[in-house]
Amino acid sequence: MEDYEALLDRALGQIPGIVTEKSRFVVPPPKTFSEGRTTVLDNFGEIADVLNRDVDHLMKFLLQELGTAGKIEGSRAIFQGSFSADVLKSQIDDYVEEYVICSECGRPDTHLIKSERILMLRCDACGGHRPVKKRRIRMETKKAVQEGEVYELRIDAVGRKGDGIAKMDKYTIFVPNVAKGSIVKAKIKKISGNLAFAELVEQS
Ligand SMILES: [Zn+2]
């Protein structure tokens, strides 16, 4: 059967105007087996290759989604614990949907770029682009400074108007009545863009 498909592909490729790219993109089904207390994904390298993505990026995603540890060994990925091929397939499908497929034209000819700390998926076929969404970004925003919360801050500088200035994540935080170099606990009163205004709770 493979021979027939190869012949058909070749035949179609010789007729101008017929594009066979869609049939070219088939994510290889994961080949897995257990080895002791680990699961080996035997064709990991091949999968990353077809997706045209960095092995480390794909691996990081899978480890995070599976909630386990693991490593890349040659063209294999090895995961702690027992995972079925179906589980791995569904994670890889999620990865493809999130990091590979263009949501405008549905094609896989894309690449990832970082734009102002946001990971974007850019399509080579149609030029469409979108931010990569979901989990990773949600985790980043969870860490960010929030109104009403108390943080321990190191005052790196004192501004012209006498407010202490601390940096946290992407935020510049202003805390009145503190000295440069001090470590303080401060409650965030207001956030405006990348600026946050806090009040002193405790000075150590
Ligand atoms: Zn596209």
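For the structure, see preceding data.
Keep in mind that this is a model prediction, so the values were computed, not measured.

What counts, and where the lines are drawn
- Residues numbered from 1 in each chain as written.
- Predicted model: local features only at pLDDT ≥ 70, side-chain atom pairs only at ≥ 80, totals over all residues.
- Core = buried A, V, L, I, M, F, W, Y, C linked by C-beta atoms within 7 Å.
- Buried ≥ 20, exposed ≤ 12 C-beta atoms within 10 Å, placed from the backbone.
- Helix = DSSP H or I, 4+ residues; strand = E, 2+ residues; numbered from the N terminus.
- Contact = placed C-beta atoms within 7 Å.
- Pairing = 2+ DSSP bridges.
- Axes fitted to C-alpha atoms, helices over the stretch in contact; angles between N-to-C directions.

(A) How the structure looks around the nonpolar core. By size, the foremost hydrophobic cluster in this structure holds 18 residues, and its most contacted members are Phe44, Ile47, Ala48, Leu51 and Leu58. Going through the elements one at a time, helix 3 (44–51), helix 4 (55–66), strand 4 (76–80), helix 5 (85–99) and strand 6 (118–123) are the ones with two or more residues in this core. Ignoring anything within four residues of it in the chain, the contact list for Ala48 reads Arg53, Val55 and Leu58. Ala166, Ile173, Val178 and Val184 belong to the second-largest nonpolar core, a separate cluster that totals 13 residues.

(B) Main features of the sheet that holds strand 3 (residues 70–73). Across the sheet, four strands lie side by side as 1-2-4-3; this open sheet has antiparallel pairing. Each edge of the open sheet carries a strand with a single partner, namely strand 1 (32–35) and strand 3. Pairs of neighbouring strands in the sheet enclose a mean axial angle of 25 degrees, with direction left out of account.

(C) Just the sheet that holds strand 6, in detail. One open sheet holds the three strands; their spatial order is 5-6-7, and the pairing between them is antiparallel. The open sheet is flanked by strand 5 (110–115) and strand 7 (129–131), the only strands paired with a single partner. Adjacent strand axes in the sheet meet at a mean angle of 30 degrees, parallel and antiparallel pairs treated alike. Relative to strand 6, strand 5 runs antiparallel, the two sharing six bridges.

(D) Highlighting the pairing of strand 11 (residues 171–175). In terms of strand pairing, strand 10 (residues 164–168) meets strand 11 through five bridges, oriented antiparallel. Note that in strand 11 the partner of Lys167 across the bridge is Thr172. Taking the residues that link successive antiparallel strands as the turn, the strand 10-strand 11 hairpin has two residues, and the phi of Asp169 there is positive, at about 55 degrees. Strand direction decides the pairing type here: strand 11 and strand 13 (residues 195–203), joined by three bridges, are parallel. From the neighbouring strand, Ile173 faces strand 13, where its bridge partner is Ala196.

Everything listed is a geometric property; what it means functionally is a separate question.
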